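# Analysis of the macromolecular model
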Amino acid sequence: MLDDLYQETILDHGRKPRNHRKLPNATHRAEGYNPLCGDRLVLELRVEGERIEDVAFEGCGCAISQASASLLTTEVKGTTTALAVALSQRFRAALTTDETPEGLGELECLLGVRNYANRVKCATLAWHALTSALETGSTVTSE
Amino acid sequence: MIEDRALDRVWLAGVRSQFPALAQTMNGHPLAYLDNAATTQKPEAVIAAVSDYYRSANANVNRGVHTLGQAATVAYEASRATVGRWIGAAAPEEIVFTKGCTEAVNLVAATWGRRNLGKGDVVLLSHAEHHANIVPWQMAADATGAQVQPVAVDEDGLLDLEDLRRHLIEGSVRLLGLKHVCNALGTVQPVAEAVRLAHEHDALVLLDCAQALAHLAMDVHEIGTDFCTMSAHKAYGPMGIGALYGRFELLDALPPYQGGGDMIRSVRFEKSTYADLPNRLEPGTPHVAGAVGFAKALDWLGGIGVEEADKHERRLATLATAGLGEIPGVRIVGKSKVKVGIVSFVADWAHPHDLGTVLDQHGVAVRVGHHCCMPLMERLAVPATVRASFACYNNEGDVDALLAGVAAAHRIFG
């Protein structure tokens, strides 16, 4: 059961999060905050036209939230803002409903979180921030 | 020593068997319930007292002439007297039943606070306070122009008496709010000394006794506190019931907290008048079954012996502390010499929430997070901790389960 949750990809991204840095010249920014556990992260993007040229995050948290944020950066870098928002919606729906997800790619390793209701917010924190950054650019919480 | 341990085991088996919730498996393991600082499990005696009340004594209190209603009133007032005796109150009227500590603090902040605080006045709170003893005072301060100021604590959460003295000398301090026992770290505060200092400077003291109730014998007169707050559910009693203790003359001077039935002497559309203590501060139908269960829990704990329970819990906490110290990268947070059976810790290889999930999968229930003490966590420079908190029914098997779970987490994350 725990192996489903803490898969090797998650442990790897949790230990060595990708794009964990400040982003110079960011055009979009949002803070994600989970008041339940105190996890806080800042997601920054550099968008040119429709394209997400670069994305990075700062902050610390549990293995799930760090891995999810890290995977987010690798998944949405180079894609369009519309595709990123759609992916965010699909990913969050996959964690919070019984729908069979499609096209989640490497994010599928996070689906084990579905069996741990009180950890779902850890996995969605960065994605809430992504949607917020692209749509409003404001602070969001995962509550 | 060996005989002591043998007696311990007999005592423990007798205690443990009275808690039906402990006899279950969790995620394929025997439940090791170590989240007692959040809420304790309930013994059969308390469950039966609440159930019996509804089965045979249920009626509304303080009204009507029928015999059942009288019996319910007698049971409710007897419970008040039991709570009063437990903490050494001078009279039952010094006990006001509330939903718990949170409502008790809110009651004092909204009545005494709003009536007595003014611009330039200061409410002092230890930096380690629970949110329940911070936010109500911020609300009262916002309404009155008073200020809330923190008193320093050390890295073990222990109150800095020198900093307290400095604040008392410098400001117009009207009240000190202080946790008797720190829920996050287990630290026992020097409450008698703090009360003495506060009184020397004409400040009142409110003690949050949420964590103290199940572990320390208390005497409000010996400590000298003006107010103290209790939650039954942290001391083997039901949820949704607790109490405020206040010195009679202080409580008697309070305006009503909420209006309604039971708290009045007379109601007219021109003007209503209010009842005497304690009814004036208990509007509406009270949680009678809860009060009955609260009193039964205290009687039960008295039978076990609160000092014996505390000694047993500290021994388990010491074992857990030693065992955790042998796991690489684990650090105990809060090493005060005077602690109840609470062990808070962090690991440099995993976030507390990941540890909590792994422990849960091993049947071990702990609290992870900021423990409703965000300012303290910031002071200690940790985002969160894992907290194992012991009760009288825990045994060495629970400590072993905790250590095995943390070791398993280390194999995953370390």
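Residues numbered from 1 in each chain as written. Chains lettered and ligands numbered in written order. Predicted model: local features only at pLDDT ≥ 70, side-chain atom pairs only at ≥ 80, totals over all residues. Heavy atoms only, no water.

Moving on to the domain arrangement of chain B. Residues and elements named next belong to chain B. Taken as a whole, chain B is organised into domain 1 (5-39 + 305-413) and domain 2 (48-302). Between domain 1 and domain 2, the C-alpha centre-to-centre distance is 28 Å. Note on domain 1 versus domain 2: buried area summed over both sides is about 2800 Å², and carbon and sulfur give 59% of it. Taken as a group, Val306, Leu376 and Arg379 account for 20% of the area that domain 1 buries against domain 2, more than any other trio of residues on that side. In this structure, the connection of domain 1 to domain 2 is made through 0 salt bridges. Applying the counting rule to domain 1 against domain 2 returns 20 residue pairs in polar contact (both at pLDDT 80 or more). For the side of domain 1 that touches domain 2, the elements supplying multiple residues, two or more each, are helix 11 (306-325), strand 14 (342-347) and helix 13 (374-380). Considering each element in turn, the side of domain 1 that touches domain 2 owes the most residues, 6 residues, to helix 13. Here the residues of the side of domain 1 that touches domain 2 sort into 20 nonpolar, 8 polar and 8 charged. (Domains from an automatic or database assignment. Buried area = accessible area lost by both parts, 1.4 Å probe. Salt bridge = Lys/Arg side-chain N within 4 Å of Asp/Glu carboxyl O. Polar contact = N/O pair within 3.5 Å; in protein donor to acceptor, adjacent residues only side chain to side chain. Helix = DSSP H or I, 4+ residues; strand = E, 2+ residues; numbered from the N terminus. Nonpolar A, V, L, I, M, F, W, Y, C, P; charged D, E, K, R; others polar.)

Right, let's talk about the interface of chain A and chain B for a bit. By a widely used convention, the size of an interface equals the accessible area lost when the partners come together. With 17 residues of chain A in contact, the opposing surface of chain B contributes 14 residues. For the pair chain A and chain B, the summed buried surface comes to about 1300 Å²; carbon and sulfur atoms form 60% of the total. Its largest share of buried area at the contact with chain B, chain A owes to A:Leu2, A:Tyr6 and A:Cys37, together 35% of the area lost on that side. If you look at where chain A meets chain B, you find 1 salt bridge. Applying the counting criterion to the chain A and chain B interface returns 7 residue pairs in polar contact (both at pLDDT 80 or more). Residues of the side of chain A that touches chain B, tallied by class, amount to 13 nonpolar, 1 polar and 3 charged. (Contact = heavy atoms within 4.5 Å.)

Residues that lie three or four places apart on an α-helix share one face, since the helix turns once every 3.6 residues. Residue and element names in this part refer to chain B. Between its first and last C-alpha, helix 11 extends 28 Å over 20 residues, near the 28 Å set by a 1.5 Å rise per residue. Among the residues making up helix 11, those that are buried are Val306, Ala309, Asp310, His312, Glu313, Leu316, Ala317, Ala320, Gly323 and Leu324. The buried side chains of helix 11 occupy one side of the element, clustering within an arc of 165° when seen end-on. In helix 11, the exposed positions that point more than 90 degrees away from the buried face belong to Glu307, Lys311, Thr318 and Gly325. (Expected span 1.5 Å × (residues − 1). Buried < 20%, exposed > 50% of the residue type's maximum accessible area, 1.4 Å probe, protein only. Arc of directions from axis to C-beta.)

Residues and elements named next belong to chain B. Throughout the structure, instances matching the rule amount to 1 cavity of 30 Å³ or more. Surrounding the largest cavity, Asn36, Ala37, Gln211, His215, Val340, Gly341, Ile342, Ser389 and Phe390 form its lining. Of the residues assigned to the lining of the largest cavity, the class counts are 4 nonpolar, 5 polar and no charged. (1 Å grid on protein atoms, 1.4 Å probe; cavity = no way out; pocket = protein on both sides within 12 Å on 5 of 7 lines; lining within 4 Å. Points joined across faces, edges and corners; volume = space filled by probe spheres on them.)

Oppositely charged side chains can form a pair if their charged atoms are brought close together. Residues and elements named next belong to chain B. Taken as a whole, this structure holds 25 salt bridges over all chains when the rule is applied. A salt bridge links glutamate 200 to arginine 196; the shortest N-O distance between them is 2.4 Å. Highlighted residues: glutamate 200 and arginine 196, both in helix 7 (residues 191-200), separated by 4 residues, approximately one helical turn. Note on glutamate 200: relative accessible area 47%, which makes it partly exposed. Among the ionic pairs, arginine 247 bridges to glutamate 249, the shortest N-O distance being 2.7 Å.

Now for the sheet that holds strand 14 of chain B. Residues and elements named next belong to chain B. Read across the sheet, 4 strands follow the order 13-14-17-16 without closing on themselves; strand pairing throughout is antiparallel. Bordering the open sheet on either side are strand 13 (330-333) and strand 16 (367-369), each of which pairs with just one other strand. Neighbouring strand axes in the sheet, compared pairwise and without regard to direction, differ in orientation by 30° on average. For strand 14 and strand 17 (residues 385-389), the ladder comprises 4 bridges, and the chain directions are antiparallel. Bridge assignment links isoleucine 342 to a residue of strand 17, and that residue is serine 389. Contacts from helix 11 reach strand 13 and strand 14, with the element oriented near 15° to strand 14. (Pairing = 2+ DSSP bridges. Axes fitted to C-alpha atoms, helices over the stretch in contact; angles between N-to-C directions.)

Time to look at the pairing of strand 10 (residues 242-246) of chain B. Residue and element names in this part refer to chain B. With 5 of 5 residues buried, strand 10 lies mostly within the body of the structure. With burial as the criterion, each face of strand 10 is covered, one bearing Gly242, Leu244 and Gly246 and the other bearing Ala243 and Tyr245. The pairing of strand 4 (residues 95-98) with strand 10 spans 4 bridges and is classified as antiparallel. Residue pairing across strands places isoleucine 95 opposite tyrosine 245, the latter belonging to strand 10. With 5 bridges connecting them, strand 9 (residues 227-231) and strand 10 associate as antiparallel partners.

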